[in-house]
Amino acid sequence: MTLNVLVNNLSLTYGSYPALKDVSFMLNEPKIYGLLGRNGAGKTSLLSILASYQEQTSGAITIGGEIPFENAKIMQDVSFIFSKDYKDESDNVKEALKYVARYRSQFDLKYAEYLVGKFKLPLKKPIKEFSKGMQSALNVTIGLASRSPITIFDEAYLGMDAPTRDIFYRELLEDQSNHPRIIILSTHLVSEMDYLFDEVIILHKGSIVLQEDFESLITKGSSITGAAEVVDEFVLSMKQLNTQQLGNTKSVMVYGELNDRDRKVAQQKGLEVGPISLQDLFIHLTEGDD
Amino acid sequence: MSTLFDHDKPIYLQIREKIEDQIVNDQLKEGEQAPSTNQLVSFYKINHATVSKGINQLVEEGILFKKRGIGMFVADGAKGVLVQNRKDAFVDDYIVGLVREAEKLGITEKEIVQLISKVKRSDSE
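Every chain is numbered on its own, with residues counted from 1 as its sequence reads. Lettering for chains starts from A, numbering for ligands starts from 1, and both go in the order in which the items are written. Restriction of local features to residues with pLDDT of at least 70 applies here, the model being predicted, together with a cutoff of 80 or more for giving and counting side-chain atom pairs; totals for whole chains, interfaces and linings are based on all residues.

Is there a simple way to explain the overall build of chain A in this structure?
Helices and strands together make up the secondary structure of chain A, namely 11 helices and 13 strands. Referenced to the eigenvectors of the C-alpha coordinate spread, the extents of chain A come out at roughly 65 × 40 × 35 Å. Counting other C-beta atoms within 10 Å of each residue's C-beta, where C-beta atoms are placed from the backbone, gives the exposure class: buried for 20 or more, exposed for 12 or fewer, partly exposed between. Counting across all 290 residues of chain A, residues that qualify as buried make up 38%. By the convention adopted here, residues are in contact when the distance between their C-beta atoms, placed from the backbone, does not exceed 7 Å. Within chain A, contacts between residues at least 6 apart in sequence are counted, and of these 70% link residues at least 24 apart. Segments assigned H or I by DSSP are reported as helices when at least four residues long, segments assigned E as strands when at least two residues long, and all are numbered from the N terminus.

Encoded structure:
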């Protein structure tokens, strides 16, 4: 079952500070959505509204057609995984999993135990004595094993070392292909995680910059490299994201799809057309004026 | 993005070439199960959409075929087709460049043939 998420002109202000401004988007397929934004872009504010942790100032949000805030039925289907503070948690992993199993109807205890093994988490040690990375691994275990129709991982990897993050990504892909659901991954580790996203949403200063399929987004950006004057002429009418120059060789990142004719022209003029990474796009679409 | 890929060719083409290579080298034999999209995504750390694009081309061309619910398999005759394709492309991919470069450097046809024999001899030693 897929619940759809509909967000319409959502705004959130803290005092006079606008954290979210007129945010609208729709998630209606069981996919992995990458929510990208720089520090303070509003990622956590947005996600905490989705998860009913707080209410918006204006605008509307519905999940499966219902307003989620203080709606027990919807909240049951939304898991919000973030870097939780466990300093007072004297329970061990076993007890914690048992507790989650009680209120998540689709929780798969066997799978959770498998993940605990993969992450090599001690079963009987109190969670408050875990390292940050181990606590994050437990959060991720709970998030994956809950199999909630909407699962949100808000920078859930904090403190994990690289091999542990790799286990997380691998298990996420595997479990998503067996049990498709709406998964939202918020991150600024773009280059490390870009291969996980089916769709990308970029949030900048509280507003949505874009929402697009990974593949079509990535084909929109190109780098044009060659002799400076020739490059300048070629990119004249294009949206330019960034320019680098080394001697007479210039490389310009452009945004906007190149058609076959453009490519042919580039080739005839001896220009090199290369792909650019999501990380590059992200950096240059969210920089400037600050 | 993985460092196993180079920057001047679309990644989905490189994905399909890696699978083609395995078939041509007999690492993947006809009738055997090919790696799943998910395995490729996790291994190469390349986006699902990109991997699927490469795989789907191979399926459309009849190199791989899908068995519902089981996975992807190498079709009968796949190796023959790939070898023929590569033979067809051999002139464009290798010979044209070789001849042009040789002309630039003033290497004669006879010398090219001698060089080829020399390389072959040193390979077989």
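On we go.
Explain the sheet that holds strand β7 (residues 182-187) of chain A to me, please; I cannot follow it from the model alone.
Within a sheet, each strand pairs with its neighbour through backbone hydrogen bonds, oriented either parallel or antiparallel. All names here are of chain A. In this description, strands pair whenever DSSP reports at least two bridges between them. Across the sheet, 6 strands lie side by side as β5-β6-β7-β3-β8-β9; this open sheet has mixed pairing. Of all the strands in the sheet, the pair left with one neighbour each is β5 (78-81) and β9 (207-213). Going across the sheet, the axis of each strand differs from the next one's by a mean of 15°, ignoring polarity. Here 5 bridges tie strand β3 (residues 32-36) to β7, and the two strands are oriented parallel to one another. Residue pairing in the sheet places Ile 32 in a bridge with Ile 183 of β7. Axes, fitted as lines to C-alpha atoms, cover a helix only where it is in contact. Angles between the N-to-C directions of the axes lie from 0 to 180 degrees.

What is the right way to read the interface of chain A and chain B from this model?
When the parts come together, some accessible area is lost, and that loss is often what is quoted as the size of the interface. Residue-level contacts link 14 residues of chain A with 12 residues of chain B. Those elements that provide at least two residues to the side of chain A that touches chain B are α6 (162-178), α8 (214-220) and β13 (272-275) of chain A. Here the side of chain A that touches chain B gets 4 residues from one element, more than from any other, and that element is α6(A). Any residue that is not Ala, Val, Leu, Ile, Met, Phe, Trp, Tyr, Cys, Pro, Asp, Glu, Lys or Arg is counted as polar, Gly included; the first ten are nonpolar and the last four charged. Residues belonging to the side of chain A that touches chain B are distributed by class as follows: 5 nonpolar, 3 polar and 6 charged.

Mind showing me how you'd approach the packing of helix α1 (residues 11-24) of chain B against helix α4 (residues 78-105) of chain B here?
When two helices pack together, their arrangement is captured by the angle between the axes and the distance separating the axes. All names here are of chain B. Contact pair α1 / α4: the axes reach a minimum separation of 9 Å and the direction vectors enclose 115°. Taken together, the axis directions place α1 and α4 in an arrangement best described as roughly perpendicular. Crossing handedness for the pair α1 and α4: left-handed. In this structure, α1 contributes Glu 20, Ile 23 and Val 24 to the contact, and α4 contributes Ala 78, Lys 79, Leu 82 and Val 83. Split into classes, the residues belonging to the contact of α1 with α4 amount to 5 nonpolar, no polar and 2 charged. Note that the term roughly parallel is reserved for angles under 35 degrees, roughly antiparallel for angles over 145, roughly perpendicular for angles of 65 to 115, and oblique for everything else. Crossing handedness: left-handed means the near helix sits turned counterclockwise from the far one by under a right angle, and right-handed means the same turn made clockwise.

Sorry if this is basic, but what is going on with the domain arrangement of chain A here?
Residue and element names in this part refer to chain A. For the domains described, the bounds stem from an automatic or database domain assignment. Per the domain assignment, the segments of chain A are domain 1 (5-205) and domain 2 (218-285). Distance from the C-alpha centre of domain 1 to the C-alpha centre of domain 2: 36 Å. Domain 1 puts 6 residues into the contact, and the matching count from domain 2 is 5 residues. The set of elements that each furnish at least two residues to the side of domain 1 that touches domain 2 consists of α7 (190-193) and β8 (199-204).

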